[in-house]
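Read off the chains here:
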Amino acid sequence: MNVFEKLNEARLRFQNANVKKSGHNNFAGYTYYELADILPVINKLAKELKFSCVVNFTKELATLDFVDLEKTEDKITFTSPMASATLKGCHEVQNMGASETYLKRYLYQNCFEIVEADALDATMNPNPQQVLQQQRRQIQNHNQVNSQNYNQNYRSYSQK
């Protein structure tokens, strides 16, 4: 498999892993993926498919490199501009850590196309339960389509 095939396979396997969200925003009443929810699954997939993800931060940019371990010069890079967090009661280093943690989670979500309901809707819509139910249906439909695509791709690969 080339690096793009490995990424596609990893995305499909992640989506079929039925990862549960453990993060909870009490203010807006929504759940979200923590790094602790997604990294164990991604690390297992990395070992099986022989890839590695490397995250780096500069003053301007956060990057995640998806690297093919069988051909290390082959990689796919995902980027995000750096942003800062300002958490109550925290000092500068804690805010930097929060920024890096958030960005790292978003980079992994981007790389592996991890879909979440939009938390902004939950905080702005007067009926957030209805919005969340609709978004859950959309995610379930998305996951069903991805599962069907995975099965088709698997049959195609296994016939080669």
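Details of the structure are given in the entry above.
Reading the values: the criteria
Residues numbered from 1 in each chain as written. Predicted model: local features only at pLDDT ≥ 70, side-chain atom pairs only at ≥ 80, totals over all residues. Heavy atoms only, no water. Phe/Tyr/Trp six-rings, centres within 6.5 Å; stacked < 30°, edge-to-face > 60°. Helix = DSSP H or I, 4+ residues; strand = E, 2+ residues; numbered from the N terminus. Buried < 20%, exposed > 50% of the residue type's maximum accessible area, 1.4 Å probe, protein only. Core = buried A, V, L, I, M, F, W, Y, C linked by side-chain atoms within 4.5 Å. Contact = heavy atoms within 4.5 Å. Pairing = 2+ DSSP bridges. Axes fitted to C-alpha atoms, helices over the stretch in contact; angles between N-to-C directions. Patch = residues over 30% accessible without salt bridge, like charges linked within 9 Å, V, L, I, M, F, W, Y side chains within 5 Å. Areas by Shrake-Rupley, 256 points an atom, 1.4 Å probe, with all protein chains shown as cover. Salt bridge = Lys/Arg side-chain N within 4 Å of Asp/Glu carboxyl O.

1. As for the packing of aromatic side chains
Two numbers describe a pair of aromatic rings. These are the distance of the centres and the angle of the planes. Using the criterion set out here, one finds 5 aromatic pairs in the structure. Judged by centre distance (6.1 Å) and plane angle (40°), the ring pair of Phe-51 and Phe-112 falls under tilted. Of this pair, Phe-51 sits in strand β3 (residues 51-57) while Phe-112 is found in the loop between α3 (92-111) and α4 (119-124), placing the two residues 61 residues apart along the sequence. Exposure class is identical for Phe-51 and Phe-112. Each is buried. A network of ring pairs unites the aromatic residues Phe-51, Phe-66, Tyr-108 and Phe-112 as a single cluster.

2. Remarks on the nonpolar core
Among the nonpolar cores identified, the biggest contains 27 residues, and Ile-38, Phe-51, Leu-64, Phe-66, Phe-78, Tyr-108 and Phe-112 are the most heavily contacted of them. Elements represented by at least two residues in this core include exactly α1 (3-16), α2 (35-49), β3, β4 (61-68), β5 (75-81) and α3. A per-element tally of this core places α2 first, with 7 residues. In this structure Tyr-108 touches Leu-35, Ile-38, Leu-39, Ile-42, Cys-53, Val-55, Leu-64, Glu-113 and Ile-114, once residues within four positions along its chain are discounted.

3. Describing the sheet that holds β5
Strand order in the open sheet formed by 3 strands is β3-β4-β5, with antiparallel pairing between adjacent strands. Only two strands of the sheet have a single neighbouring strand rather than two, namely β3 and β5. For this sheet, the mean inter-axis angle between neighbouring strands, taken without regard to orientation, is 15°. Looking at chain direction, β4 and β5 are connected through 7 bridges and run antiparallel.

4. Some details on a nonpolar patch on the surface
A surface patch of nonpolar side chains, about 290 Å² in accessible area, is lined by Leu-87, Tyr-102 and Tyr-106. Among the structural elements, Tyr-102 can be located in helix α3.

5. Remarks on the pairing of β4
Burial runs high along β4: 7 of the 8 residues are buried. Here β3 hands over to β4 after 3 residues, the two strands then running antiparallel side by side.

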